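Given next are the chains, with one letter for each unit.
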Amino acid sequence: MTKVSFIGAGPGDTDLITLKGYKRLADADIIIYAGSLVNPELLDYCKEGAEKYDSKSMTLEDIINTMAKGIAEDKKVVRLQTGDFSIYGSIREQVEELRKLNIEFECIPGVSSFLGAASSMGVEYTVPEVSQSVIITRISGRTPVPEDESLEKLASHHTSMVIFLSVQSIQKVVKQLIRGGYTEETPAAVIYKATWEDEKTVRGTLADIAHKVKEAGISRTALIMVGDFLGDEYNYSKLYDETFTHTYRKGIKNATKSE
Ligand SMILES: C[S@@+](CC[C@H](N)C(=O)[O-])C[C@H]1O[C@@H](n2cnc3c(N)ncnc32)[C@H](O)[C@@H]1O
């Protein structure tokens, strides 16, 4: 029996799919892709005659039925999702339905947009002694967010934050972050379509980012990045410090030893 391959398509740039994902895509008989976000040029990797379905206008039931029909006909089925499916990918419900039908599946990860965004901007979320944690979240809207995960509560950690699915409510995001304890001077950036050819980046602080984003006309497919990791202050890591030894580098005088 064939199986369903969930593939992370990456953030946009068609070279950013994994080699394993590319091979499955090139070999697939049926591809169900998330047309609202997946770069359509990725479909150029598919073989001639492959059936392609845009999940944009499909229900969960439509998607599962299409997968089940393909598997029953011994076809190779690919579910192509944007970025990596483990982040706002609605994959859980799909795999649970496949389990009920005893249909095998595999998951091939992709480059999430928050990683593509950091690469495009040349930034590190975990700058030594500035921030060592990253919070990935979203504002509540038509889809609720658990109360304990409100932006206000998360902001109290003052760590690096990447906010998905929220740029349309940027003013509300800023208000909640400030209420939660970030200062107006906290660096912020918004990146639209990271790694796509028409990528756009807006940089500022919590005081002016909402205004700048409005001016740039960005209202979807963007990430809001907030935190001092975007600022000018940084520290060198211990990893390459000549006075700091570790498992792979020893023997320098006056060195301190890592755990
Ligand atoms: C349903 S979520 C899917 C996220 C995806 N699974 C990932 O790993 O990137 C869609 C949201 O992801 C963000 N997003 C996806 N691709 C993006 C990109 N290339 N640049 C900026 N934001 C992106 C936007 O916030 C968009 O509204």
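The shown structure was predicted, so the numbers you read here are calculated from the model rather than taken from an experiment.

Below, the discussion takes up the nonpolar core. In this structure, L177, V190 and V226 are the most contacted members of the largest nonpolar core, which totals 25 residues. Taken together, the elements giving at least two residues each to this core come down to α5 (151-155), β7 (160-164), α6 (170-179), β8 (187-192), α7 (209-216) and β10 (222-226). Among the elements that make up this core, the one with the highest residue count is α6 (four residues). With sequence-adjacent residues up to four places away left out, L177 is seen in contact with L151, A155, M161, I163, Y182, L206 and V226.

Within a sheet, adjacent strands bond to each other through the backbone by hydrogen bonds, running parallel or antiparallel. Ordered by their spatial adjacency, five strands build an open sheet running β3-β2-β4-β1-β5, and the pairing between neighbours is parallel. Every interior strand has two partners, whereas the edge strands, β3 (51-54) and β5 (105-108), have only one. Neighbour-to-neighbour, the strand axes of this sheet turn through a mean angle of 20°, independent of strand direction. Taken together, the four bridges between strand β2 (residues 30-33) and strand β4 (residues 77-81) define a ladder with parallel strand orientation. Paired with I31 across the strands is V78, a residue of β4.

Another aspect to go through is the domain arrangement of the protein. As assigned here, the protein comprises domain 1 (4-111) and domain 2 (114-230). One C-alpha centre belongs to domain 1, the other to domain 2; they are set 28 Å apart. On the side of domain 2, eleven residues touch domain 1, which itself brings eleven residues to the contact. Overall, the association of domain 1 and domain 2 removes approximately 810 Å² of surface from exposure, summing both partners, and the carbon and sulfur fraction of that is 74%. By the criterion of area lost to domain 2, the three top residues of domain 1 are P11, I87 and Y88, representing 55% of everything that side buries. Applying the counting rule to domain 1 against domain 2 returns zero salt bridges. Counting across the interface, domain 1 meets domain 2 through five residue pairs in polar contact (both at pLDDT 80 or more).

With respect to burial, β7 is a largely interior element, five of its five residues being buried. Alternating positions in β7 separate into two faces, S160, V162 and F164 on one and M161 and I163 on the other, with burial throughout. Bridge count for strand β6 (residues 134-138) against β7 is five bridges, and the pairing is parallel. When the bridges of β7 are listed, V134 appears paired with S160. Sheet topology places β7 next to β10; three bridges connect them, and they run antiparallel. The residue of β10 that forms the bridge with I163 is I224.

So, how was this worked out
Residues numbered from 1 in each chain as written. Predicted model: local features only at pLDDT ≥ 70, side-chain atom pairs only at ≥ 80, totals over all residues. Heavy atoms only, no water. Core = buried A, V, L, I, M, F, W, Y, C linked by side-chain atoms within 4.5 Å. Buried < 20%, exposed > 50% of the residue type's maximum accessible area, 1.4 Å probe, protein only. Helix = DSSP H or I, 4+ residues; strand = E, 2+ residues; numbered from the N terminus. Contact = heavy atoms within 4.5 Å. Pairing = 2+ DSSP bridges. Axes fitted to C-alpha atoms, helices over the stretch in contact; angles between N-to-C directions. Domains from an automatic or database assignment. Buried area = accessible area lost by both parts, 1.4 Å probe. Salt bridge = Lys/Arg side-chain N within 4 Å of Asp/Glu carboxyl O. Polar contact = N/O pair within 3.5 Å; in protein donor to acceptor, adjacent residues only side chain to side chain.

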